[in-house]
Amino acid sequence: MILTNIPLVMFILASLIPLLSHRQSGRYAERYLSWLLLLSIGVASLWAGLYHTLSPQTAAAFIGWQSSPFQFEMGMADIALGVVAIVSFWRGLEFKFAVVLWVVIEFAGLVYGHFHQLATTGDHQAGNAGILLGLTIIHVVLLPLLWILARRAAGQRY
């Protein structure tokens, strides 16, 4: 139960921690973006990557798919994204922009794929149509918005 909810737990933590840390008043968007990238993208992507590479049958069943060699490739992509997102926590907005861009492109494709599976195969498994899909949509919208707000707060142009 806990392992399948790691992405939700990381999102909640990433949403609460910036509220509790009051340093750098006025830079809330950047703090929130940093914590989302660290926990909700970084840790959750590492978790997903390890899940796909170390337990492919279980991961596939959670999504409603058959296990395949592509899971290892997706798992490695998730691990790479996780590492880069974690590193971005200690980097500037330019680095964070590259990670946000990666997330938006990849996650928009995931959203399309999951909706396609819903429409064509009726795949309503929790890993295809549940909380993970909702979080994926939220990330596609929220991360670029926070990056834009962080740039504005820092007085930087696009």
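Residues numbered from 1 in each chain as written. Predicted model: local features only at pLDDT ≥ 70, side-chain atom pairs only at ≥ 80, totals over all residues. Heavy atoms only, no water.

(A) Region of the structure containing the pattern of salt bridges. Counted under the stated rule, the structure contains two salt bridges. Note that Arg27 and Glu30 form a salt bridge whose closest N and O atoms lie 2.4 Å from each other. A salt bridge links Arg151 to Glu94, with the nearest nitrogen and oxygen atoms 3.4 Å apart. Here Arg151 is found in helix α7 (residues 131-153), whereas its partner Glu94 is found in helix α5 (residues 93-121), with 57 residues between them in sequence. Classification of Arg151 by relative accessible area gives buried; the value is 10%. (Salt bridge = Lys/Arg side-chain N within 4 Å of Asp/Glu carboxyl O. Helix = DSSP H or I, 4+ residues; strand = E, 2+ residues; numbered from the N terminus. Buried < 20%, exposed > 50% of the residue type's maximum accessible area, 1.4 Å probe, protein only.)

(B) Quick peek at a nonpolar patch on the surface. Together, Ile12, Leu16, Leu19, Leu20 and Tyr28 make up an exposed nonpolar region whose accessible area comes to about 490 Å². Tallying contributions element by element places helix α1 (residues 6-20) first for the nonpolar patch, with four residues. Assignment of secondary structure puts Leu19 in helix α1. Overall, the relative accessible area of 48% leaves Leu19 in the partly exposed class. (Patch = residues over 30% accessible without salt bridge, like charges linked within 9 Å, V, L, I, M, F, W, Y side chains within 5 Å. Areas by Shrake-Rupley, 256 points an atom, 1.4 Å probe, with all protein chains shown as cover.)

(C) Summary view of the UniProt feature "transmembrane region" (unreviewed entry) in the chain. In this numbering, the UniProt entry assigns the feature "transmembrane region" (unreviewed entry) to residues 6-21, 33-50, 70-90, 97-115 and 127-150. Counted over residues 70-90, helix gives 90% and strand 0%. Its end C-alpha atoms are 32 Å apart. (UniProt positions renumbered as here; feature names shortened; annotations may be inferred.)

(D) Representation of the environment of Ile6 within the structure. Relative to the helices and strands, Ile6 resides in helix α1. By relative accessible area, Ile6 is classed as buried at 17%. Distance from Ile6 to Ala119, taken between C-alpha atoms, is 27 Å for residues 113 residues apart in sequence.

(E) Spatial organisation of the nonpolar core. Counting residues in hydrophobic clusters, the biggest one holds 32 residues, and the most contacted among them are Leu33, Leu36, Leu37, Ile41, Val103, Leu143 and Leu146. For this core, the secondary structure elements donating two or more residues are α1, α2 (28-54), α3 (56-63), α4 (70-88), α5 and α7. Element by element, the count of residues in this core is highest for α2, at 12 residues. Every residue in contact with Leu146, bar those within four places of it in the chain, is listed here: Ala29, Tyr32, Leu33 and Leu36. (Core = buried A, V, L, I, M, F, W, Y, C linked by side-chain atoms within 4.5 Å. Contact = heavy atoms within 4.5 Å.)

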